[in-house]
Amino acid sequence: MIGAIIIGLIGIVFVVLGYLLWKKERISLLHSYHYDKVSEEDKKAFCALSGIGVITVGIGLLITGIAIGITDSAWSFIAFAIGFFVGISLLIYAGMRYNR
């Protein structure tokens, strides 16, 4: 049960960080080499795409924590795998598109 709570709390942290990145455009939450070549006009789009990617990973973690707490099944990590894959894909796409 404690593992489910920890996973859920980490998911909440990711969601909050993604929100700050997306809506508040706190690009400095990322390491500088992830955004050093992003132009000022692309900053908003880069922050939105990156923030949504981080939120997606966080939601996957949050769903995993809830599912583990309810079912105590290893199958709960499917939500994490999907959220992680989609979120990382968005982060990679944002970096490839705007940080060139």
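Anything mentioned here points back to the structure above.
Here is a short report on the structure shown in this document. On a predicted model such as this, the values are computed, not experimentally measured, just so you know.

Inspection of the secondary structure assignment puts Val54 in helix H2 (residues 43-71). In this structure Val54 comes out as buried when scored by relative accessible area, which is 14%. Remark: the alpha-carbon pair of Val54 and Leu29, spanning 25 residues in sequence, is separated by 11 Å. What Val54 contacts, discounting residues up to four positions off in sequence, is Phe14, Leu17, Gly18, Leu21 and Leu91.

Attention now moves to the nonpolar core. Formed by Leu21, Ile27, Leu30, Val38, Phe46, Cys47, Leu49, Val54, Ala94 and Tyr98, the largest nonpolar core amounts to ten residues. When residues in this core are grouped by element, the largest group, four residues, is from H2. Judged by nonpolar contacts, the second largest core, of five residues, contains Ile7, Val57, Leu61 and Ile68.

Another point: the packing of aromatic side chains. Using the criterion set out here, one finds one aromatic pair in the structure. A ring pair is formed by Phe80 and Phe84, whose centres lie 5.5 Å apart and whose planes are at 35 degrees; its orientation type is tilted. Of this pair, Phe80 and Phe84 both sit in helix H3 (residues 77-98), four residues apart, which is roughly one turn of that helix. Given the relative accessible area of 39%, Phe84 is considered partly exposed. Positioned over the ring face of Trp22 is Lys23, at 4.4 Å from the centre of the ring.

Thresholds, definitions, all that
Residues numbered from 1 in each chain as written. Predicted model: local features only at pLDDT ≥ 70, side-chain atom pairs only at ≥ 80, totals over all residues. Heavy atoms only, no water. Helix = DSSP H or I, 4+ residues; strand = E, 2+ residues; numbered from the N terminus. Buried < 20%, exposed > 50% of the residue type's maximum accessible area, 1.4 Å probe, protein only. Contact = heavy atoms within 4.5 Å. Core = buried A, V, L, I, M, F, W, Y, C linked by side-chain atoms within 4.5 Å. Phe/Tyr/Trp six-rings, centres within 6.5 Å; stacked < 30°, edge-to-face > 60°. Lys NZ or Arg CZ within 6 Å of the ring centre and 35° of its normal.

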